[in-house]
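# Geometric and topological summary
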Amino acid sequence: MAEAEAVQLKEEGNQHFQRQDYKAATKSYSQALKLTKDKTLLATLYRNRAACGLKTESYVQAASDASRAIDINSSDIKALYRRCQALEHLGKLDQAFKDVQRCATLEPRNQNFQETLRRLNTSIQEKLRVQFSTDSRVQKMFEILLDENSDADKREKAANNLIVLGREESGAEKIFQGNGVALLLQLLDTKRLELMLAAVRTLSGMCSGHRARATAILHAVRIDRICSLMSGENEEMSLAVCNLLQAVIDSLSGEDKQEHRGKEEALVLDTKKDLKQITSHLLDMLVSKKVSGQGRDQALNLLNKNVPRKDLAIHDNSRTIYVVDNGLRKILKVVGQVPDLPSCLPLTDNTRMLASILINKLYDDLRCDPERDHFRKICEEYITGKFDPQDMDKNVNAIQTVSGILQGPFDLGNQLLGLKGVMEMMVALCGSEREVDQLVAVEALIHASTKLSRATFIITNGVSLLKQIYKTTKNEKIKIRTLVGLCKLGSAGGTDYGLRQFAEGSTEKLAKQCRKWLCNASIDTRTRRWAVEGLAYLTLDADVKDDFVQDIPALQAMFELAKASSSDKTILYSVATTLVNCSNSYDVKEVIPELVQLAKFSKQHVPEEHPKDKKDFVDMRVKRLLKAGVISAMACMVKADNAILTDQTKELLARVFLALCDNPKDRGTIVAQGGGKALIPLALEGTDVGKVKAAHALAKIAAVSNPDIAFPGERVYEVVRPLVRLLDTERDGIQNYEALLGLTNLSGRSDKLRQKIFKERALPDIENYMFENHDQLRQAATECMCNMVVNKEVQERFLADGNDRLKLVVLLCGEDDDKLQNAAAGALAMLTAAHKKLCLKMTQVTSQWLEILQRLCLHDRLSVQHRGLVIAYNLLAADAELAKKLVESELLEILTVVGKQEPDEKKAEVVQTARECLIKCMDYGFIKPVS
């Protein structure tokens, strides 16, 4: 029994392999291996599983399986050749050569073996040549670099060659074995920038992907020296050393994704001590006055990248706990720095933001409430410890720290705002005569007033002070921040028309000032950024957004700022938020009339919609945004680096794209300005909501556009996966429907696209919607299937026994909906033309098949009638017995009536097909022509 089951599993595996489902094939072969002891079958199973390993690029497993097959039969030529292929991919060329040499001995006339033999021989000779020439090359390079009298061009060339060599495994090992690390340290001692950079970059290459070498280099160069090099003022040097340290961390922590086996694994057993030492030195860099702003940024970047877990499914967050216990106060010190105070550490424009991001990531990486409470207590102690009635600078630092935390973990920042004296200190600093105090306090108030309850406190206690500062200050930086503070407070009620915080017209005045600053190119970018942030708040007011979209210069100034500031995540987020507000693409809760009545009865506040938030106004705003060039600006924003373009910003952009695609007439403009290409990355990366919104926008474009123009080149294949994901039953009906329309359009373009749709496993979903009660969904799914059945693999699914796919298509041909009948008849015509077996199968799936066929051939709609007649012809041509059965039915009379009609321009195809059917009957001798 077990042997028979093993044979059956082998056959199943072979079928999976033919369908290119290699994982399923591997599973079948593995199950069969457990059930059999027959040596011949074992050899076959191991050999077949090796083939799966080659297809899935699991070369270690493929080589192992092929070896087991060879152990059973040393002359198994397929196993030998598969092991040769696996070993070649693993870089073991000499062993691969031996295997193919044995294959060529067993089958000397096989051209494939001879070709592989020649190729491997050439590769081995090249490898030996490189290996033997590397030693002398390395020595020569160091001689040129360390010789002060050598030519500058020669030295530059030698430095570049050394860097390239360090990135190759053989070259890196030769440098390492040949006292190269000591020579590289000598280059670092020269204090000449180009030589130091060459040394650092070579060390980076040598550390990549080799744990033992990375450990040895770390100990030879020493972590304190590495951090000292990174602390300098030179940006290029700081970045190069940061890359070196990242390569070391990746190798030590196993993030290089290389398999460490044998000697390599035995050399380094525990790297935790080294990693802890690196983290400790990076934390010390944060608070050192000797470290440049650039160096501090690189230290924060390394901590951001390497401390928090990349996957929250991993249980161990010990690195985060270590940093919280030993470095959180240091990070808080960076966040609390005020550039205008004499005690400030060297900073760049991004330093405080990077520190806020690190605090946010650390807080998110905590696993339980006690860990979060401990984190909060450290923050509370640090902030309250700074409050000092005698030292105003310390108070400013404390408020700046709160401001920084509010830009990171907002919930934590809100808890800290509840600390005794924090809000009062903010308001007090607003009334200070020092500009630095006002600047910090105003920024803190802006970040603090996100929650309506906090905003209400500030409106009660601080608005008059903000207005006073706005009127009296001569400092533009403070003036614009004060304006944003007022903007944020004015928009605290959100889109609720009934919760306006300020008097009628006040928000419009604030917005006008923001637009004025935005259009003033003489103001620095950082200050104009605050103007965009102000508009991001104020455009929640429908009057403001309506005025804004009519101000074309202001819109275009914002777009230009977004294009030019692709390295500033705050600007990108603010611009995206403003566009979401202007296009009304934010989520709106459905208003249930009964609940509104209940709320009014209980005297609760009921949100009110602004008259200008109605659909007509929104459509007009969308038209103006498109006219102003919003698509090209958004396409530029999408190209920004992932660290700058956050998942939240991507979601906002996806929402805007979806709103812009709503009107089919606008989709051509969106495609022409590059919107189709820009949507693809948004549909593949980001938040779940963002990916769905972007996929829906893609579906809208794919449904009505020529895919070759909307998604040129290979991009069109990337569109398939997001559309297939929209077929999920959890998505809205409109999303399912438009995804099906998009896939129908794509599947009509080429068989390569149909193959891609099939490989993304869309077929079961399409079939599922063919059963839907909703007429439009069922019709769209059937139209998609009509295009898909041209593909051979889809046809094979219909040919397979034990399914009702063909029955469903036949029954859909009998429905009353013309469009549905047209699509189903098209699919059936394609299938019956492709396979005679399907013609016979059609007569067996349902007893109503002949009645349905007759109805199609008599249909009022010519396209449906033509498809019905094509099906009839396919059945007549398939089998003489089946043809006889059709001739004996009423179908002959129908064909005769249709065939006798005079063919006009519209009916030509129909009449011609009916006549071809009658000629086929004459060929069989079932009917004779009338003279």
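Residues numbered from 1 in each chain as written. Predicted model: local features only at pLDDT ≥ 70, side-chain atom pairs only at ≥ 80, totals over all residues. Heavy atoms only, no water.

Going by an unreviewed UniProt entry, the chain carries the name Protein unc-45 homolog B and comes from Propithecus coquereli. Heading Subunit (unreviewed entry) of the UniProt record for the chain holds this comment: "Interacts with HSP90 in an ATP-independent manner. Interacts with UBE4B; the interaction may target UNC45B for proteasomal degradation." (UniProt positions renumbered as here; feature names shortened; annotations may be inferred.)

Attention shifts here to the confidence of the model for the chain. When pLDDT is averaged across the chain, the result is 83; 89% of the residues are at 70 or more. Across the chain, the secondary-structure element scoring lowest on mean pLDDT is helix α15 (residues 263-267), at 41, and the one scoring highest is helix α18 (residues 318-335), at 93. Scored below 50 in pLDDT, residues 259-269 shows twelve contacts in the model against residues more than four places distant or in partner chains. Considering only residues more than four positions removed or in separate chains, one finds that residues 493-503, a stretch of pLDDT under 50, has 34 contacts. (pLDDT = per-residue confidence, 0-100. Helix = DSSP H or I, 4+ residues; strand = E, 2+ residues; numbered from the N terminus. Contact = heavy atoms within 4.5 Å.)

In total, this model carries three aromatic pairs according to the counting rule given. A ring pair is formed by Tyr 81 and Phe 113, whose centres lie 5.1 Å apart and whose planes are at 50 degrees; its orientation type is tilted. Taken together, the residues Tyr 81 in helix α5 (residues 77-89) and Phe 113 in helix α7 (residues 111-146) connect sequence positions 32 residues apart. Both residues of the pair, Tyr 81 and Phe 113, count as buried. (Phe/Tyr/Trp six-rings, centres within 6.5 Å; stacked < 30°, edge-to-face > 60°. Buried < 20%, exposed > 50% of the residue type's maximum accessible area, 1.4 Å probe, protein only.)

Once that is clear, we can look at helix α14 (residues 235-253). The terminal C-alpha atoms of α14, which comprises 19 residues, lie 27 Å apart, in line with the 27 Å expected from a rise of 1.5 Å per residue. Just past α14, the residue Gly 254 takes up positive phi, approximately 80 degrees. (Expected span 1.5 Å × (residues − 1).)

Grouped together as the largest cluster of nonpolar side chains are 254 residues, with contacts concentrated most on Phe 375 and Met 426. The element contributing the most residues to this core is α14, with ten residues. Not counting chain neighbours up to four residues away, the residues in contact with Phe 375 comprise Val 324, Leu 328, Ile 359, Leu 362, Tyr 363, Leu 366 and Leu 412. Of all hydrophobic cores here, the second largest spans 34 residues; its members include Leu 42, Leu 45, Ile 77 and Ala 86. (Core = buried A, V, L, I, M, F, W, Y, C linked by side-chain atoms within 4.5 Å.)

This next bit is on the environment of Asn 160. If you trace the backbone, Asn 160 turns up in helix α8 (residues 152-167). With 38 residues separating them in the primary sequence, Asn 160 and Ala 198 have C-alpha atoms 7.0 Å apart.

Remark: helix α1 (residues 2-18) packs on helix α2 (residues 22-35), axes separated minimally by 8 Å, with the N-to-C direction vectors making an angle of 165 degrees. Regarding the angle of α1 to α2, the classification is roughly antiparallel. Two packed elements cross with a definite hand, and for α1 against α2 that hand is left-handed. When α1 is examined against α2, the residues Ala 2, Glu 3, Glu 5, Ala 6, Leu 9, Lys 10, Glu 12, Gly 13, Asn 14, His 16 and Phe 17 are found in contact with a partner set consisting of Tyr 22, Ala 24, Ala 25, Ser 28, Tyr 29, Gln 31, Ala 32 and Leu 35. Of the residues assigned to the contact of α1 with α2, the class counts are ten nonpolar, five polar and four charged. (Axes fitted to C-alpha atoms, helices over the stretch in contact; angles between N-to-C directions. Parallel < 35°, antiparallel > 145°, perpendicular 65-115°, else oblique. Left-handed = near helix turned anticlockwise from the far one by under 90°. Nonpolar A, V, L, I, M, F, W, Y, C, P; charged D, E, K, R; others polar.)

Next up on the list: the pattern of salt bridges. According to the stated counting rule, one finds 39 salt bridges in the structure shown. Salt-bridge contacts for Asp 76 lead to Arg 47; the nearest nitrogen and oxygen are separated by 3.0 Å. Taken together, the residues Asp 76 in the loop between α4 (59-72) and α5 and Arg 47 in helix α3 (residues 39-55) connect sequence positions 29 residues apart. Residue Asp 76 shares its accessibility class with Arg 47, and that shared class is buried. Across the salt bridge formed by Asp 373 and Arg 376, the nearest N and O atoms sit 3.4 Å from each other. Of this pair, Asp 373 and Arg 376 both sit in helix α20 (residues 369-386), separated by three residues, roughly a single helical turn. Judged by its relative accessible area of 34%, Asp 373 falls in the partly exposed class. (Salt bridge = Lys/Arg side-chain N within 4 Å of Asp/Glu carboxyl O.)

What follows is about the environment of Thr 320. One can find Thr 320 in helix α18. Considering only alpha carbons, one finds Thr 320 and Leu 366, 46 residues apart in sequence, at a separation of 7.6 Å. Those residues in contact with Thr 320, other than ones at most four positions away along the chain, are Val 307, Pro 308, Leu 362, Asp 365 and Leu 366.

Moving on, we come to the UniProt feature "repeat: TPR" (unreviewed entry) in the chain. Look at the UniProt record and you will see "repeat: TPR" (unreviewed entry) annotated at residues 6-39. Annotation note: span residues 6-39, helix share 82%, strand share 0%, distance between end C-alpha atoms 12 Å.

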